[in-house]
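# Understanding the architecture of this molecule
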Amino acid sequence: MFDNERFISRATAALAALECGPKPEDLAQAPLAELWIALVKDGTDLPVLWGYVTGHPLLGDRFIRTSPLIGLSREAGWARTFSRWYRLGEPFPIWKAQLATRLEDPIKEIGLLRWGSTGYGAIVDTAFLEAKMANVIALLKNPDAAGS
């Protein structure tokens, strides 16, 4: 059963953490994402990170898809999802992403590459990713608007 109060509480905490930015201790405890790339599920505005993560408190060391992504700084080497901070290691090379995609498929949105047949697209444009994360933040700030 969906707990609206818990969702609002977690959303508020995630947004507050993002607004303050990561503290050194946040990043010291954060899982490390290697060979990461931002993906978005077809038909949604919910970007996620995909990559090989080490030190995840629940999932251990393996390839994962995260909860929705709400912030990312390539320069500072961090990402914030709905549930936690991540340290960013080496990104997935875009040329390899292009090889992993079926380029003959129509690309529905600029800045997005098909990610094989997974139902996800690889976000290769920074402005596109920022717009998707802004949509998630708007949803988290006003979850009641999601149903309208």
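For clarity, every value in this text was computed on a predicted model and none was experimentally measured.

## Details of the overall build of the protein chain
Each helix and strand in the protein chain was counted, giving four helices and eight strands. Ordered by position from N to C terminus, the α and β elements of the protein chain give α-α-β-β-β-β-β-β-α-β-β-α. A burial count over the protein chain gives 41% of its 148 residues as buried. Pairs at least 24 residues apart make up 51% of the contacts formed inside the protein chain by residues separated by at least 6 positions. Surface accessibility of the protein chain: about 8,500 Å² in total, with carbon and sulfur atoms responsible for 56%.

## Comments concerning the nonpolar core
Counting 16 residues, the largest nonpolar core has Leu49, Leu69, Leu72, Ala79, Leu88 and Leu129 as the members making the most contacts within it. Those elements that provide at least two residues to this core are strand 1 (32–41), strand 2 (47–56), strand 4 (69–73), strand 6 (85–88) and helix 4 (126–141). Broken down by element, the residue count for this core peaks at four residues, all from strand 1. With near-sequence residues (within four places) excluded, Leu72 lies in contact with Trp36, Leu49, Trp78, Ala79, Leu88, Leu129 and Met133. Counting 14 residues, the second largest nonpolar core, distinct from the first, contains Ala14, Leu18, Trp85 and Leu140.

## With respect to unusual backbone geometry
Even without glycine at this site, Leu35 takes up a positive phi of about 50°. Along the chain, Leu35 falls in strand 1. A relative accessible area of 37% places Leu35 in the partly exposed class.

## Examining the pairing of strand 4
Successive residues of a regular strand alternate their side chains across the two faces of the sheet. Among the five residues of strand 4, five are classified as buried, and the element is accordingly described as predominantly covered. Hairpin connection, strand 4 to strand 5 (residues 78–81): the antiparallel pair is bridged by four residues, and Gly77 has positive phi, about 80°.

## So, a nonpolar patch on the surface
A contiguous nonpolar patch, built from Leu35, Tyr52 and Phe63 and spanning about 260 Å² of accessible area, is present on the exposed surface. Assignment of secondary structure puts Phe63 in strand 3 (residues 60–65). Overall, the relative accessible area of 44% leaves Phe63 in the partly exposed class.

Calculation criteria
Residues numbered from 1 in each chain as written. Predicted model: local features only at pLDDT ≥ 70, side-chain atom pairs only at ≥ 80, totals over all residues. Heavy atoms only, no water. Helix = DSSP H or I, 4+ residues; strand = E, 2+ residues; numbered from the N terminus. Buried < 20%, exposed > 50% of the residue type's maximum accessible area, 1.4 Å probe, protein only. Contact = heavy atoms within 4.5 Å. Areas by Shrake-Rupley, 256 points an atom, 1.4 Å probe, with all protein chains shown as cover. Core = buried A, V, L, I, M, F, W, Y, C linked by side-chain atoms within 4.5 Å. Pairing = 2+ DSSP bridges. Patch = residues over 30% accessible without salt bridge, like charges linked within 9 Å, V, L, I, M, F, W, Y side chains within 5 Å. Salt bridge = Lys/Arg side-chain N within 4 Å of Asp/Glu carboxyl O.

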